[in-house]
Structures are given as C-alpha cells and as structure tokens.
Amino acid sequence: MGTEHSKNERRRSMVFLRKGPKLPAWEDALLSGKEPKSLLKRGLRYVSLSLIMKGMTSAPDFLWGLPEVQKLNLSRNQLVVIPPSLGKLDRLVVLNLGGNCLKCLPKEIGLLRNLKVLFVNMNCLTEVPAEISLCRKLEVLSLSHNCISQLPLSFTDLTNLRKLNLSNNRFVQIPLCIFALRNLDFLHLGSNRLESIAESVQYLVNLQIFIVENNNIRCLPRSLCFIAALELLNVDYNAIQTLPDDLYLLRRLPRIAWNPMDKGLHIAHNPLSRPLPEVVEGGLDVLFNYLREKKEHN
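Residues numbered from 1 in each chain as written. Predicted model: local features only at pLDDT ≥ 70, side-chain atom pairs only at ≥ 80, totals over all residues. Heavy atoms only, no water.

- Where an unreviewed UniProt entry is consulted, the protein chain appears under the name LRC30 protein, with the organism given as Glareola pratincola.

What follows is the structure in structure tokens.
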C-alpha cells in the first residue's frame, strides 16, 4: 500500500513539473500567440499598460511597438536599463519607473513631449539627463530615494512643474535651478545633506508644502517668511536653534503639527534655544505672538 501511495505522489509531482509555474501576463501573451495590444486597457482618460512586479530585468521589446500607450507602469521590477526606444512612446502622459535598479535615464526621455507625470523614485540614479527639460508639460516629478547630488541647469525650463520630490538623495544645497520653478506648490527635500536654505527660496511664491526634515539645517532664512501660500512647513530633525522673527507672517500655517501628514509648522527634534521650546509647547499662536513682540522690541 505504501508503494502504491509513493507512485501516486510521483505522478502528481511529474504533472506539476510539466505544467511549471504560471507565466507573467506579458510573457504568456507573447508565447500563446496573442497580440501584445491585448494587454492594453482603454479607460475613459488613458490607454494604459501595467507590468508591475513581473520580475523583469529588462523591458520586453514589444513595448516599443505600442505607441498608443499613454500611461505605462513598470514599477517594482528589477530593470537595470531603459533603452533609447522609450522615445518611441511619444504619447505617454504618465510613466512610472519606481522601484527598479536604474542607474541612468536615456536622453531620449526628452522626446516624451506629452509627459505630465514621471516617477523614478527608489532607483540608483546618480544624475538626471539634461534632456528631461524638454518634457515641458511635466507637472509631477518624483526622484526620491536615489543617489542624486545635483540637477542640470536646464531644469529651469520645467516651468509647468508643480510637485517635485527629491527626498532621500545626496543634495548638500538646494539646486539654484529649483528657485526658477515659480509654479511649484509641493517641494520635498527631506533626508538629504542640506545645511542651509538660500534666501532665493522666496521666489517660490506658490509653494504650499515645503519639507526639509532630517537634514543639517542650522537656521531658516528670513525670506522664507514671505512665502504667504505656505500651509505646511516641515523642518523636523535638523539643527535649528533660533527662528526668524518674521515667521508669524506665515498666516496659513494652522498649528504646531506633530503628525507628518498634518498641515502646519513641524519643528520637533531641533536644539531650539530657550525659551523657544516652552513657547512652542504653547501652540502656534503663542509662538507667533512671542516672535512678533520680540521683533517690536528690537
């Protein structure tokens, strides 16, 4: 009986081995003779293609023959390189390359003249190609969690950019080209190596959310106080000892905030000189009154 049982087990194992693991959708579509276009989803706004978490180390060649794609998601694979053929997808509006192993982007990315949203976060980039500035319609750009320390000067041409995430990189100063992006309303530079914020920050007149937490910033520039649109200012985990007297001008900051998602002034974990720690504990109104009175007496 034991011998018969072991034979049945071997048969089941052989059937399993013959079937093999299920192929990813994109590979199965090719091997079964289907048209790659069968992977496209036609929504109300975009023709999209999603190849998330397929274990790909290179993008399948059929991609470059699908010029109608407007939204492409290749995130969370192991892609090492994106070929110049990317430039053929010139109708792309949204491109997600996040969570791969990319060390660079092809200069042909500049051919994506309709691109509005680009995610290249969580890769191994050390630089950004100057040609990205040709994507003049770009509104949202995430380059977080890379190894970038500078941006090309041509970055100033991205005049439609509204949201920029450069967190978790290697910037020691805020690139000057950023201060030319007057339409920015969100700027994240947390977890870099910043030691200061240039007075030129005042040119970002539409900035509503400014995050520079977890850096080495020692003081805030007075010009920061003139960005009237600011609703969230996060300077947690820095080396700030004093605050500019004009900080009370930031009237859209609703409170001293402790939750990372809350609007307001985030100033925890800084070596503030006395009596600022006690004043901050009293709330934003108490802090602003203190700074206003201090300025009047000076």
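Moving on, there is more to tell.
## Points about the overall build of the protein chain
Here is step 1: When helices and strands are tallied, the protein chain shows 4 helices and 11 strands.
Here is step 2: Considering only contacts in the protein chain between residues 6 or more positions apart, those separated by 24 or more positions represent 31%.
Here is step 3: With the model as given, the accessible surface of the protein chain reaches about 15,800 Å², and the carbon-plus-sulfur share is 52%. (Helix = DSSP H or I, 4+ residues; strand = E, 2+ residues; numbered from the N terminus. Contact = heavy atoms within 4.5 Å. Areas by Shrake-Rupley, 256 points an atom, 1.4 Å probe, with all protein chains shown as cover.)

## A few points about the confidence of the model for the protein chain
Here is step 1: Taken residue by residue, the protein chain gives an average pLDDT of 91. The fraction at 70 or more is 89%.
Here is step 2: pLDDT under 50 marks residues 6-20. Its contacts with residues more than four places away, or in other chains, come to 1 contact. (pLDDT = per-residue confidence, 0-100.)

## Let's talk about unusual backbone geometry
Here is step 1: At the junction of R274 and P275, the peptide bond is cis and its omega measures out at 10 degrees in the coordinates.
Here is step 2: One non-glycine residue, N214, lies in positive phi territory at about 60 degrees.
Here is step 3: Examined against the element boundaries, N214 turns out to sit in the loop between strand 9 (209-211) and strand 10 (232-234).
Here is step 4: Residue N214 is classed as partly exposed on the basis of its relative accessible area, which comes to 41%.
Here is step 5: With phi around 60 degrees, H269 is a residue other than glycine that occupies positive phi space. (Buried < 20%, exposed > 50% of the residue type's maximum accessible area, 1.4 Å probe, protein only.)

## Some points on the side chain of N77
Here is step 1: Position of N77 relative to the elements: it lies in the loop between strand 3 (71-73) and strand 4 (94-96).
Here is step 2: Here G55 takes part through its backbone nitrogen, which lies 3.0 Å from a polar atom of the side chain of N77.
Here is step 3: At 3.2 Å, the side chain of N77 and the backbone oxygen of S75 are in polar contact. (Polar contact = N/O pair within 3.5 Å; in protein donor to acceptor, adjacent residues only side chain to side chain.)

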